[in-house]
Amino acid sequence: MAAATTLAWTGAARADAATRFEAQAATREAPWVKWLILGISLAFFAVFLLLPLVAVFVEALRKGWETYWSALAHDDALSAIGLTLTAAAIAVPLNLVFGVAAAWAIAKFEFRGKHFLITLIDLPFSVSPVIAGLIYVLIFGAQGWLGPWLAEHDIRIIFAVPGIVLATVFVTFPFVARELIPLMQAQGREEEEAALVLGASGWQTFRHVTLPNIKWGLLYGVILCNARAMGEFGAVSVVSGHIRGQTNTLPLHVEILYNEYQFAAAFAVASLLALLALVTLTVKTWVEHRAGSGTPSSKAQQDAAS
Amino acid sequence: MSIQVRNIRKAFGDFVALDDVSLDFPTGELVALLGPSGCGKTTLLRIIAGLEQADAGQVLLDGEDASGTHVRERQVGFVFQHYALFRHMSVFDNVAFGMRMKPRGERPSERQIRDKVHELLALVQLDWLADRFPTQLSGGQRQRIALARALAVEPRVLLLDEPFGALDAKVRKELRRWLRKLHDELHITSIFVTHDQEEALEVADRVVLMDHGHVEQTGTPEEVYRHPATPFVYGFLGAVNFFHGRVDGSALRVGDDVLPHASQEFDAGAEVIAFARPHELDLVPDEQGDAGEIGVGARIARILAFGVTARIELDGLNGLGGKSSGQHFEVELTQQRVAELNLAEGQRVRLLPSRLKVFERNGTTGASA
């Protein structure tokens, strides 16, 4: 019963509570308080969030659709898009696997150094992306630890695609794990134990019990991870070398165009990233909605309520 | 299938959960592991299931050492306190899970699985809930589904970890009776863990009492209730009153008071602790508070006269010089006896036991008055 009540406590129920709170004279704030708070948040929202977003699209289309399309269809732009997609396509699955493994280890087992691991997972969040890039330059660069050996074997990492992928993996490291750890900790081990006792193998348990329980959290983490992977600037900038058509990602390409005073083209490419952000937000909201109301019980309760 | 555990030890850090525990669970019996929380009963159950590894000792399933056998090969059915139903699966899929996870060669056809699931759901009387999800069920229903799921893989042993612990009192009582009935039909070797002595005595064929990682006593409910082997068992199996005293001939000296005690088990002067259940005590009026008379002095604090019998709560006056001792007693009398004695709150009385269970005093009483 308690579980059902908690699950029903989704967006709809919360909005309902707010309405009720508002409707009762005893719990209602004075109108000016309400309008002041609403006004402040809306003004902030307009100036800091909405205005820049609109500006991107306005600037991108200032010289007309033709310039817009030609900026996007330019060889360098296409290659930047390709590289960005490649980096994300490698970094996201890697961090997906790592994130699930780390969250599994932390949530389901007791071991020495667990707290250290949790702290370490957060490192990419707490360190400046520039430093993240420099770390790889120090390790793999020409003057770095492994530089001479790599040069001998003719392997290029810094100022090449592998470096960009490494930097992207580093900065997007925590997204999936951070999303899953609290979720898996809250769910405990009992269902997995039940599956084992019923004769399921480790893989079957993961596939049929663990994964379905975390799928929405996992998807949420992947979406955020992907958005960051495609939008990362600092770390990638340090290791990329900015070679046009070869080691430029979308954010780097925007910067180059802007520095060359090709504002319309810069904003055209930037609008792609902005679109990506909007799509991410839409998918994220949908996932949150599904995760919150996806269980049959709360659906039934909402049906009953309406 | 029979289960034996031999010299099991298990510690979590400094905390010793099980200290050299050896037990036999014969085939077809329903055994209760009973004890307060932290006594190691759940740990023992999980070690038998294979969910926990013992530090030392052996678990023998059907006479064979199971230490190297993986959980999934032990063929045990396990029922969790909080049900552990798969929350994203329907009731049907939950019950079918064990059968569907079998290797391809042994796996029954979908048709056989369907028939078996419906048969099991009928057994737990919840066939009409097959399409529901766990969150749509009440606690009692969930636990019955969990039991059906455990039975689906035709386990050789059924292990239940506080199966009714999370349910409210009424549902608990119902499920207890139902579990007993089910066991009488299936005759599968079952062990269930509980901290509720009433539950253990009512349901089980045999009761194992545990405390602090030790087995205190094993026996039928009748045996352990009638003949508790240790003060802990006596105290755990029901409400008790206790008297600290010294053996003096055919009497027991409790402070300045005297209780009759005919047994010759103890030497004169031995420090003992004597127990009596509430219904084993009688009251006699004692207006003057005469010292030296038979019985322990007390003052009536409350009379709870509802129900078939009346419960009387008393404050002990068995301190030195007939002063309050700070000890409390509980006596159960028939309504008729209460009327006969014309008892009133605040009245001075003497407690007279009709039966006393006396243990040598060794510091571990575990009893409550």
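Since this is a predicted model, take the numbers as computed values, not measurements.

**Q** Tell me about the interface of chain A and chain B, and name the residues and values.
**A** Tallying the contact residues gives 25 residues for chain A and 26 residues for chain B. Note on chain A versus chain B: buried area summed over both sides is about 2300 Å², and carbon and sulfur give 63% of it. Together, Glu190(A), Val197(A) and Leu198(A) form the three largest contributors to the area buried by chain A at its contact with chain B, with a combined 29%. Linking chain A to chain B there are two salt bridges. Of the charged contacts, one joins Glu191(A) and Arg87(B) as a salt bridge, the two residues approaching to 2.6 Å between their closest N and O atoms. Our count for the contact surface shared by chain A and chain B stands at six residue pairs in polar contact (both at pLDDT 80 or more).

**Q** Please give an account of the side chain of Arg206(B) that cites residues and values.
**A** Residues and elements named next belong to chain B. Tracing the sequence through the fold places Arg-206 in strand S9 (residues 206-211). Residue Arg-206 is classed as buried on the basis of its relative accessible area, which comes to 18%. With sequence-adjacent residues up to four places away left out, Arg-206 is seen in contact with Asp-24, Phe-25, Pro-26, Glu-29, Leu-30, Val-31, Ala-32, Thr-218, Gly-219, Thr-220 and Pro-221.

**Q** Please set out the pattern of salt bridges residue by residue, giving values where relevant.
**A** Residues and elements named next belong to chain B. Scanning all chains against the criterion turns up 34 salt bridges over all chains. We note a salt bridge from Arg-206 to Glu-29, for which the minimum N-O separation is 2.8 Å. You can see Arg-206 sitting in strand S9 and its partner Glu-29 sitting in the loop between strand S2 (15-25) and strand S3 (30-34), a full 177 residues away along the chain. Owing to a relative accessible area of 21%, Glu-29 belongs among the partly exposed residues under this scheme. The salt bridge involving Arg-355 is made with Glu-280; its shortest N-O contact spans 2.9 Å.

**Q** Which residues make up the nonpolar core, and what values go with them?
**A** Residues and elements named next belong to chain B. Val-95, Val-117, Leu-121, Ile-145, Leu-147 and Leu-209 are the most contacted members of the largest nonpolar core, which has 47 residues in total. A per-element tally of this core places helix H4 (residues 139-151) first, with six residues. When sequence neighbours within four positions are dropped, the list of residues in contact with Leu-121 reads Val-91, Val-95, Leu-126, Asp-127, Ala-130 and Ile-145. Of all hydrophobic cores here, the second largest spans 42 residues; its members include Ala-49, Val-59, Met-101 and Leu-159.

Definitions and limits used
- Residues numbered from 1 in each chain as written.
- Chains lettered and ligands numbered in written order.
- Predicted model: local features only at pLDDT ≥ 70, side-chain atom pairs only at ≥ 80, totals over all residues.
- Heavy atoms only, no water.
- Contact = heavy atoms within 4.5 Å.
- Buried area = accessible area lost by both parts, 1.4 Å probe.
- Salt bridge = Lys/Arg side-chain N within 4 Å of Asp/Glu carboxyl O.
- Polar contact = N/O pair within 3.5 Å; in protein donor to acceptor, adjacent residues only side chain to side chain.
- Helix = DSSP H or I, 4+ residues; strand = E, 2+ residues; numbered from the N terminus.
- Buried < 20%, exposed > 50% of the residue type's maximum accessible area, 1.4 Å probe, protein only.
- Core = buried A, V, L, I, M, F, W, Y, C linked by side-chain atoms within 4.5 Å.

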